[in-house]
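# Fold and geometry: a report
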Amino acid sequence: MSRGRLLRRRGLHGRAPVRVALTAAIALSASVAVTASVSAQPTNPTGVIRIGALLSITGGGSSLGNTSKAALEVARDQWNQRLARQRRNLRVELDIVDTGQDPTRATAGFQQLADQRVRVIIGPQSSSEVAAIQPLANARGVLIVSQGSTASSLAMPDNNLFRFVPNDHVEGRATTDLLVQQGARVVVPMWRNDRGNQGLADSVRAAATSGGVQVTAGFRYEPGTTDFGPGLNEISRQVTAAVGQVGAAHVAVYLAGFEEVAGVLAAADQVPGLAGMRWYGGDGSAQAVQLLERGSANFAIKAKGFPTPLVALPNDRAKRDTALIQQIARRAHATPDAFALAAYDAFDVAAQTLLSTGTSVDSQTLRIAFAKTANGYAGVTGTIKLDSTGDRASAPYAYWSICQGRDRHPHWVRSGAWTPQAADPTGPGTVTGGHCS
């Protein structure tokens, strides 16, 4: 994710995006690491498959971190119940480390889990965290399976990174197709300076430019920014120039970030020339509850709903797995998006792989076995197809907008959908809806 989320982030990039009862002495996070001691010693008749997680339980990305945590706990419990019914002397344990969406903490958490002989880690959820630990994963023979990272710059063949969501090329196309359908001829981008959101901004720029849409220089803000005034003043200047060139109906503002986007929207309401323009978001802020607060929600509604794309569940899976999704939602006290449910699928694939290989196999054998198990796996998020770099090849997206309900309160509403072409999953797709009804 940029993400940071789908039912995320974001929340299916800050996003939720979904994001083990652990003591305060153990700094827990949401990346699942799987360590298996399947071949138990004769003196210990019970084998252990340990699954560890690196998640953003606190800080940016906590929406996705906590829903992912709930999804993983449910997956763990289901596996233990299954193994007990089969009378197998095995159990699954889940170790979660809280990264706070900080690459330094993610690195420390990775080392902690790897030192405990963990062979598969689910997470981290942001691309900056993944970039920090990817070389370590290759060196130590540990698989990392992210449910939220989308930066296409991390897509490389024959490495230990798998991602159960498409990279930013697909989301960039889904975003661009919507804003073009709604009349955009000039796009003014604003984005958070991190690996995932930079990738989203780059992908939107590439997709828009290839379609003949002009993209301005935009503005990039640093993580930790709280005063968005200077950046918004620059965005206002570029918007004003674009309006003079093509008219307000043909100008779009694209904003990619995590939950801090709520502060950007609230501040934008005080900057001349920005209210009433069409604004679009990235997955890192989709369905984030922070954006429903009065200041940001009021601006989003004036900005035509601030539609954001999020990986969508296939209709048949959403109906079939309603009970499971509700179980995760009850544990998380929030609705899990597709990113959080991708963590559930990752846990299932990891457990199946480790049961078949054990934990003493070499890195290449483990990687090949995991890819074989994942390809064609029919999970909650649909049937998985990985590309040559280990990323999910494509997926449908839903557009989520902030709309005013009959109760006069703002709500996240599924306002449309994007369907990729089977022949070219990163090319132009089919857009339906995208407006608050």
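Structure shown above.
Now for a look at the structure at hand. (Residues numbered from 1 in each chain as written. Predicted model: local features only at pLDDT ≥ 70, side-chain atom pairs only at ≥ 80, totals over all residues. Heavy atoms only, no water.)

### A word on the overall build of the chain
Along the backbone of the chain there are 12 helices and 17 strands. In the chain, which comprises 437 residues, the share counted as buried stands at 60%. (Helix = DSSP H or I, 4+ residues; strand = E, 2+ residues; numbered from the N terminus. Buried < 20%, exposed > 50% of the residue type's maximum accessible area, 1.4 Å probe, protein only.)

### A look at the packing of aromatic side chains
Note on aromatic pairs: each is described by the distance of the centres and the angle between the planes. Taken as a whole and assessed by the stated rule, the structure comprises 5 aromatic pairs. Between F164 and F370, the aromatic rings sit 6.0 Å apart at their centres with planes inclined by 40 degrees, giving tilted as the arrangement. Of this pair, F164 sits in the loop between β6 (161-163) and α4 (168-181) while F370 sits in helix α12 (residues 363-374), and the two are 206 residues apart along the sequence. Like F370, F164 is buried. (Phe/Tyr/Trp six-rings, centres within 6.5 Å; stacked < 30°, edge-to-face > 60°.)

### Some details on the state of the cysteines
Applying the stated criterion across every chain yields a total of 1 disulfide. The disulfide that involves C403 links it to C436, with 1.9 Å between the sulfurs. Taking the sign of the S-S torsion, -85 degrees for the link of C403 and C436, the bridge is left-handed. Here C436 lies in the segment after β17 (430-433) and C403 lies in strand β15 (residues 397-404), a separation of 33 residues in the sequence. Among the residues examined, C403 registers a relative accessible area of 8% and is labelled buried. C436 gets classed as partly exposed once you look at its relative accessible area, which sits at 32%. (Disulfide = S-S within 2.5 Å.)

### Re the environment of T383
Relative to the helices and strands, T383 is located in strand β14 (residues 382-383). With 12 residues separating them along the chain, T383 and A395 place their C-alpha atoms 9.6 Å apart.

### Section: the side chain of N197
Here N197 lies in helix α5 (residues 195-210). For N197, a relative accessible area of 0% gives the class buried.

### Remarks on the side chain of S401
Inspection of the secondary structure puts S401 in strand β15. A relative accessible area of 0% places S401 in the buried class. In this structure the side chain of S401 is engaged in a polar contact, spanning 2.7 Å, whose partner is the side chain of S415. Setting aside residues no more than four positions away along its own chain, S401 makes contact with G305, F306, P307, H411, W412, V413, S415, G434 and C436. (Polar contact = N/O pair within 3.5 Å; in protein donor to acceptor, adjacent residues only side chain to side chain. Contact = heavy atoms within 4.5 Å.)

### Looking at the pairing of strand β5 (residues 143-146)
Residue alternation in β5 divides its side chains into two sets, L143 and V145 and I144 and S146, and both sets are buried. Direction of pairing for strand β4 (residues 120-122) relative to β5: parallel, over a ladder of 3 bridges. Considered in β5, the bridge of I121 is made with I144. In the classification by handedness, the crossover that spans β4, the intervening helix α3 (residues 127-140) and the parallel β5 is right-handed. One ladder, built from 3 bridges, connects β5 with β6; its direction is parallel. (Pairing = 2+ DSSP bridges. Right-handed = clockwise from strand over helix to strand, strands pointing away.)

### Here we look at the pairing of strand β2 (residues 47-55)
For a regular strand, the rule is simple: side chains alternate between the two faces of the sheet. Where burial is concerned, most of β2 is hidden: 9 out of the 9 residues are buried. Side chains G47, I49, I51, A53 and L55 project from β2 onto one buried face, and the interleaved V48, R50, G52 and L54 project onto a second face that is buried too. Sheet analysis places β2 next to strand β3 (residues 90-98), joined by 7 bridges and oriented parallel. Paired with L55 across the strands is D98, a residue of β3. With helix α1 (residues 62-85) bridging β2 and its parallel neighbour β3, the resulting β-α-β unit is right-handed. Note: β2 against β4, 2 bridges, orientation parallel. Residue A53 lies in a different strand from β4, and its bridge partner there is I122.

### Here's the deal with the pattern of salt bridges
Counted by the stated rule, this structure contains 15 salt bridges. Here R331 ties to D77 by a salt bridge, and the two come within 2.9 Å at their closest N and O atoms. Of this pair, R331 sits in helix α10 (residues 322-332) while D77 sits in helix α1, placing them 254 residues apart in sequence. For D77, a relative accessible area of 22% puts it in the partly exposed group. Taking the shortest distance from any N to any O, the salt bridge between R320 and D321 comes out at 3.2 Å. Its relative accessible area of 56% is what places R320 among the exposed residues. Residue D321 is classed as buried on the basis of its relative accessible area of 8%. A single network of salt bridges, built from pairs that share partners, joins K69, E73, R76, D77 and R331. (Salt bridge = Lys/Arg side-chain N within 4 Å of Asp/Glu carboxyl O.)

### Some words on the packing of α4 against α5
Interaxial distance between α4 and α5 falls to 8 Å at its minimum, and their mutual angle equals 55 degrees. Considering the angle they form, α4 stands oblique to α5. The interaxial crossing formed by α4 with α5 has right-handed handedness. Between α4 and α5, the residues in contact are D168, H169, E171, G172, R173, T175 and T176 and G199, L200, S203, V204, A207, A208 and S210, respectively. (Axes fitted to C-alpha atoms, helices over the stretch in contact; angles between N-to-C directions. Parallel < 35°, antiparallel > 145°, perpendicular 65-115°, else oblique. Left-handed = near helix turned anticlockwise from the far one by under 90°.)

### Brief notes about the packing of helix α2 (residues 103-115) against α3
Relative orientation of the contacting elements α2 and α3 amounts to 25 degrees, with a least axis distance of 8 Å. When the axes of α2 and α3 are compared, the pair comes out roughly parallel. As for how α2 packs across α3, the hand of that crossing is right-handed. Listed contacts from α3 to P103, A106, T107, F110, Q111, A114 and D115 of α2 are S128, E129, A132, I133, L136, A137 and R140. A per-class count over the contact of α2 with α3 returns 8 nonpolar, 3 polar and 3 charged. (Nonpolar A, V, L, I, M, F, W, Y, C, P; charged D, E, K, R; others polar.)

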